[in-house]
Amino acid sequence: MYNTSHRPKLVGGIIAIVVSLLLVFAGGWLFLNRQFVRDQLSVWSYEPSAQIAEINDRASFTDEGTFHFYATHPEIASAEVFNQDCPRQEPNSPILGCYASGRIYIYDVTNEQLNGIEEVTAAHEMLHAVWERTSEEEKARLTVLLEAAYDRNKSAELEERMAYYDRNQPGEVVNELHSILPTEVADIGDELEAYYQKYFTDRQAVVAMHQGYSGVFKDLVSRADALYAELQTTGAQIEQASTAYDQSVAQLTADIESFNARAASGGFSSMAQFNAERAELVARSTQLENDRSALEQQVAAYNQKYDEYQQIGSQIEALNRSIDSIAGPQEAPSL
């Protein structure tokens, strides 16, 4: 006969075993997912400022992208704070953001000409946090894709940047490509495009912001380079024309002195000869006056271009200062 008095003890034992298994399972899950747990607790404890929330929205982060961004407690930092938390690696290479000790710092760029620079910086640094949390197997897969995309989009400027990272952050070149390519390059290939959809609802919007503010620099530098070439050409032409003009003036002066001496000593055989030579001297004098006027106009045009070149140089300097946390911003002059 079945003894019902044993049931409570049996059920209690089963429950104890189940609870123990659940605790073991939970402990194992927590161990395997400890980074996620830390991130989740970090996100729950973080209250983004209005500026950070706006950057998050404009950077087109997905929920997962926002999760990784907020898990780092991102901060828009003044120069003093930024320079302390994001030390510069090379004196002439300003940085706009960093991911350090699990946190993201973004330098507070206030120049309105560089609209979008903070959003792109935020996206760049958020992806560093993602890379840190990526498995070695996934990193290996992504490395192949990132290096291929880099080869397709390689430029002198990009190669120079990667050389900088290779000098200052050995072993982190692929990590940097993981942040640079999706935020700055339009065509990264279908596989990478699919991968980055986890973090961006509209990656091209981020690329467009980068193209917008980097285009400000590029347009100014391009105009400055064009003006410099024009100044070099025009300057050489002015120097050549000025030398020829001086030589012609000297020759005309000598010829006029000779003409006057011959006229005083009766050196002309007839009035016709006198008038013909005099007319030639007058014509040369008139031509030289026209040459002088043309030369003055050429010099005036040169000076105007030089002034424009100087103004553009001042604009470039002001833009560079506005992204330099050590030099400090100054107002950009307008043309």
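Just above sits the structure.
In this text the structure is predicted, and so the values were computed from the model without any measurement. (Residues numbered from 1 in each chain as written. Predicted model: local features only at pLDDT ≥ 70, side-chain atom pairs only at ≥ 80, totals over all residues. Heavy atoms only, no water.)

Let us now look at the packing of aromatic side chains. Going through the model one piece at a time under the given rule, you end up with 13 aromatic pairs. Look at phenylalanine 82 and tyrosine 107: their rings are 5.5 Å apart centre to centre, the planes differ by 45°, and that puts the pair in the tilted class. Here the residue phenylalanine 82 occupies a position in helix H5 (residues 79-85), and tyrosine 107 occupies one in strand S3 (residues 103-107), the gap between them amounting to 25 residues. In this structure, phenylalanine 82 and tyrosine 107 share a single accessibility class: buried. (Phe/Tyr/Trp six-rings, centres within 6.5 Å; stacked < 30°, edge-to-face > 60°. Helix = DSSP H or I, 4+ residues; strand = E, 2+ residues; numbered from the N terminus. Buried < 20%, exposed > 50% of the residue type's maximum accessible area, 1.4 Å probe, protein only.)

Before going further, it helps to examine the pattern of salt bridges. Taken as a whole, this structure holds 17 salt bridges when the rule is applied. A salt bridge links arginine 88 to aspartate 324, with the shortest nitrogen-to-oxygen separation between them at 2.5 Å. Of the two residues, arginine 88 sits in the loop between H5 and strand S2 (97-100) while aspartate 324 sits in the segment after helix H12 (271-322), which places them 236 residues apart along the sequence. For the salt bridge of aspartate 255 with arginine 284, the shortest nitrogen-to-oxygen distance reads 2.8 Å. One end of the pair, aspartate 255, is in helix H11 (residues 203-264); the other, arginine 284, is in helix H12, with 29 residues separating them in the sequence. Here aspartate 255 falls in the partly exposed class, since its relative accessible area comes to 22%. (Salt bridge = Lys/Arg side-chain N within 4 Å of Asp/Glu carboxyl O.)

Two numbers describe how helix H3 (residues 50-58) lies on helix H4 (residues 63-71): the axes approach to 11 Å, and their chain directions differ by 150°. Like other packed secondary-structure pairs, H3 and H4 cross with a definite hand, here right-handed. Two secondary-structure elements touch here, H3 through Ile52, Ala53, Ile55 and Asn56 and H4 through Thr66, Phe69 and Tyr70. Among the residues forming the contact of H3 with H4, the class breakdown is five nonpolar, two polar and no charged. (Axes fitted to C-alpha atoms, helices over the stretch in contact; angles between N-to-C directions. Left-handed = near helix turned anticlockwise from the far one by under 90°. Contact = heavy atoms within 4.5 Å. Nonpolar A, V, L, I, M, F, W, Y, C, P; charged D, E, K, R; others polar.)

Here we come to the state of the cysteines. Enumeration according to the criterion identifies one disulfide in this entry. Linked covalently through their sulfurs, cysteine 86 and cysteine 98 form a disulfide whose S-S length is 1.8 Å. Its torsion about the S-S bond being -60°, the disulfide of cysteine 86 and cysteine 98 is classed as left-handed. Highlighted residues: cysteine 86 in the loop between H5 and S2 and cysteine 98 in strand S2, separated in sequence by 12 residues. Here the two residues cysteine 86 and cysteine 98 agree in accessibility, since each one is buried. (Disulfide = S-S within 2.5 Å.)

Looking now at the layout of surface pockets. Estimated volume of the second largest pocket: approximately 170 Å³. Along the wall of the second largest pocket there are 13 residues; nearest its centre are Arg58, Asn115, Gly116, Glu118 and Glu119. Among the elements of the structure, H3 and helix H6 (117-132) are those that each provide at least two residues to the lining of the second largest pocket. The class makeup of the residues in the lining of the second largest pocket is four nonpolar, five polar and four charged. (1 Å grid on protein atoms, 1.4 Å probe; cavity = no way out; pocket = protein on both sides within 12 Å on 5 of 7 lines; lining within 4 Å. Points joined across faces, edges and corners; volume = space filled by probe spheres on them.)

This paragraph deals with H6. In a regular helix each residue adds 1.5 Å, so 16 residues correspond to 22 Å; H6 covers 23 Å between its end C-alpha atoms and thus fits that length. With respect to burial, H6 is a largely interior element, 15 of its 16 residues being buried. (Expected span 1.5 Å × (residues − 1).)

The residue glutamate 118 is located in helix H6 in this model. Looking at glutamate 118, the relative accessible area reads 10%, which means it is buried. For the pair formed by glutamate 118 and glycine 97, sequence separation is 21 residues and the distance between their alpha carbons is 8.5 Å. Side chain to side chain, glutamate 118 and glutamine 51 meet in a polar contact 3.5 Å long. (Polar contact = N/O pair within 3.5 Å; in protein donor to acceptor, adjacent residues only side chain to side chain.)

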